[in-house]
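# Summary of structural features
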Amino acid sequence: MHIETLAIHAGLAVEAGTGALAPSIHLSTTFERDSDGSYPRGFIYARTDNPNRQSLEACLSALEGGQAVAFASGSAASMAVFQSLNPGEHVLCPQDAYYGTSKQLRELLLRWGLEVSFVDMTDLSALERSIQKNTKLLWIETPSNPLLKVVDLRAVVDLAHSAGARVACDNTWATPILQRPIEWGADCVVHATTKYLGGHSDVSGGVVITASEDDLFQRIRALQTAGGAVPSPFDCWLVRRGIKTLPFRVRIQSEQALRVAEVLRTHPSVAAVHYPGLSVHPSHEVAARQMKAYGGMLSFQVHGGAEKAMSVAAKVNLFTRATSLGGLESLIEHRASIEGEGTRTPPDLLRVSIGLEHVEDLIEDLDQALG
Ligand SMILES: *Cc1c(COP(=O)(O)O)cnc(C)c1O
């Protein structure tokens with residue numbers, strides 16, 4: 001079935017006892033055993049599994065074409081992927097990975113004995129030179145944050161697999177509507193469902209979807225149930241509901257982001273626009289090959305440095321100054337100041353998440369703020 005149909009129906013059915021279309025929220029932490037000691041209805045204890053999580057995982061499995069394991073945040077999901085490795089193993093991570101992901105690797109996982117190198121994944125020969133004998137995981141994030149760099153999924157998967165390493169792809173920005181990394185050979189996909197999948201800026205969540213029910217899946221499942229960073233039943237319910245409109249939200253957000261990018265490109269106060277949908281983007285052709293559209297995220301640099309960037313963010317009326325992305329409301333953010341010391345983000349850069357307001361209103365707001 002098509003992804004629009006899966007987004008509505010996968011993992012959901014009319015409720016047998018009541019005929020309810022909307023699923024119930026099962027708050028129970030524990031489930032009854034039969035007199036013979038068995039659990040004929042399949043559920044034992046809420047951390048191990050519960051109906052709302054099962055429904056969400058079935059849906060996410062269908063959307064990405066793999067086996068989903070849901071977590072309490074995107075960070076808990078990436079943590080589980082790293083913790084599935086053994087001490088002494090080596091991870092290759094993009095230099096411009098989501099700030100929280102590289103922070104996990106630098107501040108938490110080095111101490112646990114993982115080795116980590118940060119590379120530019122758009123430079124395939126540099127990437128190849130960075131692969132070591134003990135490299136077991138290549139982490140991909142495409143498009144990247146906040147410079148919208150695009151990594152060639154097929155090329156990186158081929159490099160990794162020929163070196164005996166696995167590939168994990170953080171697909172938060174693209175969503176399965178625009179890009180399905182498992183089809184390009186990725187071994188697992190990670191999402192912060194906090195963003196587009198939830199879609200309404202009202203729930204934190206994460207997921208790891210493995211390509212098959214292999215040893216990686218078993219380890220991720222054990223990290224979920226024994227590690228305990230699980231989403232609540234209501235969290236699962238909200239993400240599952242958000243997914244119903246995902247295909248249409250993401251498509252319109254992508255169309256609007258392209259239009260905003262085109263307008264910004266010709267604005268005299270704008271020095272550069274980073275959006276893979278623009279034909280001048282250095283990886284436009286790779287993006288066109290592996291993505292159905294280019295997503296609702298873009299960033300731009302202004303003439304006049306950090307001061308001008310901060311003043312543009314200060315002057316918006318319709319955009320909200322806030323971090324995060326993927327919701328219905330358009331957001332603008334000065335990334336360098338939120339990332340703080342050691343950031344690689346240019347100080348004159350603003351990142352925007354395009355929402356579902358009318359695109360002409362968004363353009364008018366940016367135009368008056370740029371002056
Ligand atoms: C937000 C985000 C995360 C982390 O998700 P949380 O739910 O905030 O823990 C990971 N990767 C990307 C690309 C993100 O945008």
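Quick summary incoming for the structure in this document. Owing to the predicted nature of the structure, the values given are computational and were not obtained by experimental measurement. (Residues numbered from 1 in each chain as written. Predicted model: local features only at pLDDT ≥ 70, side-chain atom pairs only at ≥ 80, totals over all residues. Heavy atoms only, no water.)

### Description of helix H9 (residues 233-243)
Across the eleven residues of H9, eight count as buried, placing the element largely inside the fold. All buried positions along H9 are accounted for by Pro233, Cys236, Trp237, Leu238, Val239, Arg240, Gly242 and Ile243. Buried-residue contacts for H9 involve helix H1 (3-9), helix H2 (51-64) and helix H10 (246-265). (Buried < 20%, exposed > 50% of the residue type's maximum accessible area, 1.4 Å probe, protein only. Helix = DSSP H or I, 4+ residues; strand = E, 2+ residues; numbered from the N terminus. Contact = heavy atoms within 4.5 Å.)

### Some points on the side chain of Ser55
Tracing the sequence through the fold places Ser55 in helix H2. At a separation of 2.9 Å, a polar atom in the side chain of Ser55 contacts the main-chain carbonyl oxygen of Gly11. When sequence neighbours within four positions are dropped, the list of residues in contact with Ser55 reads Ala10, Gly11, Leu12 and Arg240. (Polar contact = N/O pair within 3.5 Å; in protein donor to acceptor, adjacent residues only side chain to side chain.)

### Re the layout of surface pockets
By volume, the largest pocket amounts to about 310 Å³. For the largest pocket, the lining is made up of 16 residues, of which Gln95, Asp96, Ser102, Gly342 and Arg344 are closest to its centre. Per-element accounting of the lining of the largest pocket gives the leading share, three residues, to helix H4 (residues 99-109). Of the residues in the lining of the largest pocket, the class split is five nonpolar, six polar and five charged. Looking at which domains feed residues into the lining of the largest pocket, each of domain 1 (3-243) and domain 2 (247-370) supplies at least three. What the second largest pocket holds in volume is close to 240 Å³. Every residue lining the second largest pocket is counted, 18 residues in all, and those nearest its centre are Gly74, Ser75, Tyr98, Ala192 and Lys195. Counting only elements with at least two residues in the lining of the second largest pocket, the list comes to helix H3 (74-83), H4 and strand S6 (188-192). (1 Å grid on protein atoms, 1.4 Å probe; cavity = no way out; pocket = protein on both sides within 12 Å on 5 of 7 lines; lining within 4 Å. Points joined across faces, edges and corners; volume = space filled by probe spheres on them. Nonpolar A, V, L, I, M, F, W, Y, C, P; charged D, E, K, R; others polar. Domains from an automatic or database assignment.)

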